[in-house]
Amino acid sequence: MKRFGVMLDMSRNAVMKVEEVKKLTKILRSFGYTTVMLYTEDTYEVENEPYFGYMRGRYTKQELKEIVAYCESIGMETIPCIQTLAHLNQIFRWSIYSAVHDCDDILLVGEERTYELIENMFKTVRKCFSSEYIHIGMDEAHNVGLGQYLSKNGYEKSSEILQKHLKRVVEIAKKYSFKPLIWSDMFYKLATKGGYYELNAEVTEEIKALVPNDVSLVYWDYYNTESETFDALIKGHQEFNNEIWFAGGAWAWEGFAPHNAYTLKTMSPAMQSVKEYGVENIFITSWGDNGKECSFYAVLPSLYTVKRLYDGETDIQKIKAEFCALTGEDYDALFALDLPNFVGNAQGVENPCKHMLYSDPFNGFLDSTVKEGVSKEYANHAKMLAKYAKTSKYVYLFENASALCELLSVKYAIGLETRAVYAKKNTQQLTALIEKYKLCEELLEKFYQAYRKLWFIENKPHGFDVQDLRLGGLSRRLRSCRERLEKYLLGEENEIPELEEKLLDYFGGEDTFDKEKTPSLNNWAKTASVNII
């Protein structure tokens, strides 16, 4: 092993405070981690680009230098992790970047202003980081060449466009004495003629030639659970003439609660494979998709376990004891932060604590997935997490998770219950339901305050405006639904049209509700309403 590191996503609205980065990296160093990457799409200062990361809480050059200096002082290498092709959607809201916009979140390949921007990125980053490596992204640019590029140049194969762009970016990287890493998907999928995790890769000489030999390929995999799959994909990557890195995942990106259990389900076989096939550079990503609601500290148990599994330790009781000795924390208690998602029959990366939080009481298209007994489970989880809060220095994490579960013990099935009570036209039940709405509103405020506390302890304030809008919108919507129920009860409204509409199965079964499945739906806009947001 040359490097065993972690990548922290600082681009999905939550930019971690410098002092918190220091605290977290100190813990990770004690775990045996040697490397940290800060994933920054536009959340870092770039010289000559005042609109890059504007109002997004971007790290200043001084802040980056401070983080790097601290990490070096404790023996950790800090590698910049940026984007030089796709995943730059936030910059395109500014008209000054319209000239470098191909389509979606993708830069315009071949445009000189594009390479001026990229050079400004490298110039700035070189002044802040001392590592010889830089991660330049280049992933998931599926529609490259199909927007402004197509209008200007006509149709070209995406592989040719990618090769042309990569060559230019690598030249700039070398100018600033960087060795570039790229996510491998856009090139590896050429070898499978399909999906990234297909096992039939045929890495031809033509495909090998697309990637310069001095560019490292990062095989990323957060999903597979069998050693044989990891083995095959590592061997496929090793057919390239490039240094191969592996990126796993510590699941903290499906809403408000982590998935430590699923992290271990995937990373246990992954660690066996990377050791067996001699992958020397490994890092574990922790993303923050759709608002970064979950704390990085919530995945400390799985981050420690993954490192120890790589070291060859398989005795989970010994791992738990070591974790407690290093951190002073109860391993099982922190692992219990998974609980808001572990209700009903959820067992993978399903995230009911987010999608059922935002599910609308009147047009709740997710109500077909509601399972009996889950509200009681949430009530029990709330009590357990509140108990753990009393003995942890991360008291605010447990208070937040407990408040969320307490809220969901009322909110989870309120839409389905509303529909049932409305159908009965029972005055007494309607009165009780209205009181339940009032309780739900109170518990939402309690959760909001707990979550606000968590955010402002760990992150810069930028980005919390989105949480204000989402949770504030939910608060107003609950009140609006309650007020309409009150009017209906008083006879001021003859009907509630949304509740007159027949509920269909979320999974497409129409009248047959599939109660065995739990959705994994992490996009707030697609959860909160069926209407256009």
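None of the values given here were measured: they were computed from a predicted structure.

**Student:** Even after reading the chapter, I still don't get the layout of surface pockets, so can you show me in this structure?
**Tutor:** Summary: where empty space remains is shown by rolling a probe the size of a single water molecule over the atoms. Taken as a whole, the largest pocket encloses approximately 1000 Å³ of empty space. Along its surface, the largest pocket is lined by 37 residues, and Arg12, Glu41, Asn89, Asp289 and Asn290 are the ones closest to its centre. The residue makeup of the lining of the largest pocket, split by class, is 14 nonpolar, 12 polar and 11 charged. Estimates place the volume of the second largest pocket at around 400 Å³. In this structure, the second largest pocket is lined by 19 residues; those nearest its centre are Lys157, Ser158, Ser159, Glu160 and Leu190. Every element with two or more residues in the lining of the second largest pocket is listed here: α5 (158–175), α6 (185–192) and α7 (205–208). Grouping the constituent residues of the lining of the second largest pocket by class yields eight nonpolar, five polar and six charged.

**Student:** What am I meant to see in empty space enclosed by the protein here?
**Tutor:** With the rule as written, the count across this model stands at three cavities of 30 Å³ or more. The space that makes up the largest cavity amounts to roughly 100 Å³. Phe256, Pro258, Leu337, Leu397 and Asn400 are, among the 14 residues lining the largest cavity, the residues nearest its centre. For the lining of the largest cavity, the element with the most residues is helix α15 (residues 395–411), which contributes four residues. When the residues that make up the lining of the largest cavity are grouped by side-chain class, the tally is 11 nonpolar, two polar and one charged. By volume, the second largest cavity amounts to about 60 Å³. Residue lining of the second largest cavity: Val343, Gly344, Pro352, His355, Met356, Thr369, Lys371, Val374, Tyr412, Thr518 and Pro519, and that is the complete set. The leading source of residues in the lining of the second largest cavity is helix α13 (residues 352–358), at three residues. Looking at side-chain class alone, the lining of the second largest cavity contains six nonpolar, four polar and one charged residues.

**Student:** Looking at this model, I keep getting lost on the pattern of salt bridges. Mind explaining?
**Tutor:** A side chain with one charge can pair with a side chain of the opposite charge if their charged atoms come near. In total, this model carries 44 salt bridges according to the counting rule given. The salt bridge partner of Glu112 is Arg168, with a shortest N-O separation of 3.2 Å. In this pair, Glu112 is assigned in helix α3 (residues 112–128) and Arg168 in helix α5, connecting sequence segments 56 residues apart. Given the relative accessible area of 26%, Arg168 is considered partly exposed.

**Student:** Hey, could you run me through the nonpolar core in this one?
**Tutor:** Note that soluble globular proteins tend to have their nonpolar side chains buried in a common cluster. Counting residues in each nonpolar core, the largest one holds 185 residues, and the members touching the most others are Tyr59, Phe122, Phe246, Met271, Ile284, Leu357 and Phe447. Ranked by the residues each element gives to this core, the list is headed by helix α17 (residues 427–458), at 13 residues. Those residues in contact with Phe447 that sit more than four places away from it in its chain are Phe256, Leu357, Asn400, Ala403, Leu404, Leu407 and Leu471.

**Student:** What is the right way to look at α3 in this model?
**Tutor:** Structural remark: α-helix, 3.6 residues per turn; residues separated by three or four positions point the same way. In this model, α3 (17 residues) spans 25 Å end to end at C-alpha, consistent with the 24 Å of a helix rising 1.5 Å per residue. Taken together, the buried positions of α3 are occupied by Thr114, Tyr115, Leu117, Ile118, Asn120, Met121, Phe122, Thr124, Val125 and Cys128. Taken together, the buried residues of α3 touch α2 (61–73), β3 (77–81), β4 (133–135) and α5.

Rules and cut-offs
- Residues numbered from 1 in each chain as written.
- Predicted model: local features only at pLDDT ≥ 70, side-chain atom pairs only at ≥ 80, totals over all residues.
- Heavy atoms only, no water.
- 1 Å grid on protein atoms, 1.4 Å probe; cavity = no way out; pocket = protein on both sides within 12 Å on 5 of 7 lines; lining within 4 Å.
- Points joined across faces, edges and corners; volume = space filled by probe spheres on them.
- Nonpolar A, V, L, I, M, F, W, Y, C, P; charged D, E, K, R; others polar.
- Helix = DSSP H or I, 4+ residues; strand = E, 2+ residues; numbered from the N terminus.
- Salt bridge = Lys/Arg side-chain N within 4 Å of Asp/Glu carboxyl O.
- Buried < 20%, exposed > 50% of the residue type's maximum accessible area, 1.4 Å probe, protein only.
- Core = buried A, V, L, I, M, F, W, Y, C linked by side-chain atoms within 4.5 Å.
- Contact = heavy atoms within 4.5 Å.
- Expected span 1.5 Å × (residues − 1).

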